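Structural overview
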Amino acid sequence: MSAELARALLRSQFPDLADAPLALLGRGWDMDVWRCGGLVFRFPRRPLAIPLCETELRVLPQLAPLLPVRIPVPSHIGRPEAAFPAPFYGHPYLPGRTADRVHPDAAERCALAPAIARFLRTLHQERVSGVPPDPFRGAMQGTSERALLRIERLEHSRWAAHLPAARARLQRPPPEADGALHVLLHGDFYLRHLLLDRLGELAGVIDWGDVCLGDPAVDLSIAYTFLPEEAHPDFFAVYGEVDAAVRTRACHRGLAHSIGLLAYAVDVGDAELEHEAGASLLRTLTAPIPF
């Protein structure tokens, strides 16, 4: 998505935005994100992302009033055109900085634990229509296999000394989730999708393309990737206790996700993200969870 194409689409479909300032906010795996005045527009960047955009359009308006933290609410729905044959949408800009750019310290992360837990507890208890099942069905075997492949890309990085321990854990995946576990998930809940305000408090949760029904361990991995161990009692006191199998799967998924994020950060040369992903890797490796 170039600035010229984004401007042309907005001018064509939303003439009132024709002269609004336009700036690229970021490029993800699935979406290009542009700010236009007081709005943020999400454009699918590959065909596989079109269903994700369509899911966001169905689910986010239902979900927003139910949650204790702000999330994007589509207000400008873009239709496919010859120049861009995919839907897209805009939502009011949510102020805040993503946690990977704020770099909260251990005490600040501990202070965030209750708010994150409250958000997930509420989300996991809600029911809205049009939510797809987890495409991976929470399968830890596939998660482990993908992470083991990504480890190879880190063999010559400064994280190489930690890779044998990571590989050993990934080769012993935890029990698969019970098929009856179908809670409403964010699906990609990690530090880049947490917005923090100037006081370091949780101000928003973004990027809902992977919202689905599945194993709560998928979202609970945030406890092991983002929060220090001393925050876990407060986190689970608010979220509610979960059994050892769920905790083990959450930590395992967090380890696999940290490997993938670290490999990506090294590949693209994002030093800030590499720092955070490396810290997440170390937290998951030292978590007191039976594997």
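In this report, the structure presented in the accompanying data block is examined.

The rules behind the values
- Positions within a chain are numbered from 1, following the residues in the order the chain's sequence is written.
- Reporting of local features is limited, given that this is a predicted model, to residues whose pLDDT is at least 70; pairs of side-chain atoms are given and counted only at 80 or more, and all residues count toward the totals for whole chains, interfaces and linings.
- Values shown for side chains rest on all heavy atoms present in the structure; no hydrogens or waters enter the calculation.
- Going along the chain from the N terminus, every DSSP run of H or I of four or more residues is numbered as a helix, and every run of E of two or more is numbered as a strand.
- It only takes one pair of heavy atoms within 4.5 Å for two residues to be counted as in contact.
- We call a residue buried when its accessible area falls under 20% of the maximum for its residue type, exposed when it is over 50%, and partly exposed in between, using a 1.4 Å probe and counting protein chains only.
- The positive count covers Lys and Arg only, the negative count covers Asp and Glu only, and His and the chain ends enter neither.
- The working definition used for a salt bridge is a side-chain nitrogen of Lys or Arg within 4 Å of a carboxyl oxygen of Asp or Glu.
- In this analysis, strands are considered paired if DSSP registers two or more bridges between them.
- Whenever a pair of cysteine sulfur atoms sits within 2.5 Å, that pair is classed as a disulfide.
- Classification of ring pairs uses Phe, Tyr and Trp, with its six-membered ring standing for Trp, and accepts pairs whose centres are within 6.5 Å; under 30 degrees between planes counts as stacked, over 60 as edge-to-face, and the remaining range as tilted.
- Both a distance and an angle decide whether a charge sits over a ring: NZ of Lys or CZ of Arg must be within 6 Å of the ring centre and within 35 degrees of the ring normal.

With that out of the way, let us pick up the environment of G214. Relative to the assigned elements, G214 resides in strand 10 (residues 212-214). Sequence separation between G214 and H186 is 28 residues; the distance between their C-alpha atoms is 9.8 Å. Dropping the residues within four chain positions of it, G214 is found in contact with D134, L181, H182, V183 and L185.

Our focus in this paragraph is the side chain of D134. Mapping D134 onto the fold places it in the loop between helix 4 (106-125) and helix 5 (140-151). Within the buried core, D134 has no salt-bridge partner, and the shortest N-O distance to an opposite charge, that of R253, equals 5.9 Å. If we ignore the near neighbours within four places in the chain, the residues touching D134 are C212, L213, G214 and V218.

Judged from the three bridges that link them, strand 8 (residues 194-196) and strand 9 (residues 202-205) form a sheet pairing that is antiparallel. Bridging across to strand 9, L195 finds its partner in G204.

Looking now at unusual backbone geometry. The general pattern is negative phi for most residues beyond glycine and trans for most peptide bonds. Notably, H103 is not glycine yet its phi reads approximately 55 degrees, a positive angle. Tracing the chain through its elements places H103 in the loop between helix 3 (99-102) and helix 4. Phi angles above zero are rare outside glycine, and D207 is one such case at about 60 degrees. When you line up the elements, D207 lands in the loop between strand 9 and strand 10.

A few words now on the state of the cysteines. The full count for this structure, using the stated rule, is zero disulfides. C36 takes part in no disulfide bond, and the closest cysteine sulfur to it belongs to C53, at a distance of 16 Å. Its sulfur unpaired, C110 is 16 Å from the next cysteine sulfur, which belongs to C251. Take C110: its relative accessible area is 21%, and that puts it in the partly exposed class.

Our focus in this paragraph is the packing of aromatic side chains. Inspection of the entire model under this criterion finds twelve aromatic pairs. Taking the centre distance of 5.8 Å and the plane angle of 85 degrees together, the rings of F43 and F84 count as edge-to-face. Placement of F43 in strand 3 (residues 39-44) and of F84 in the loop between strand 4 (76-78) and strand 5 (88-92) is noted, with a sequence separation of 41 residues between them. The class of F43 is buried, set by a relative accessible area of 0%. Their ring planes at 65 degrees and their centres at 6.1 Å tell us that F119 and W208 sit as a pair that is edge-to-face. Of this pair, F119 sits in helix 4 while W208 sits in the loop between strand 9 and strand 10; the two residues are 89 residues apart in sequence, bridging distant segments of the chain. Residue classification places W208 among the buried positions, given a relative accessible area of 0%. By way of ring pairs, the aromatic residues F14, F41, F43, F84 and F88 are connected into one cluster. Seen from the ring of Y93, R35 lies directly overhead, with NZ or CZ sitting 3.7 Å from the centre. Over the face of the ring belonging to F236 we find R247, whose NZ or CZ atom lies 3.9 Å from the ring centre.

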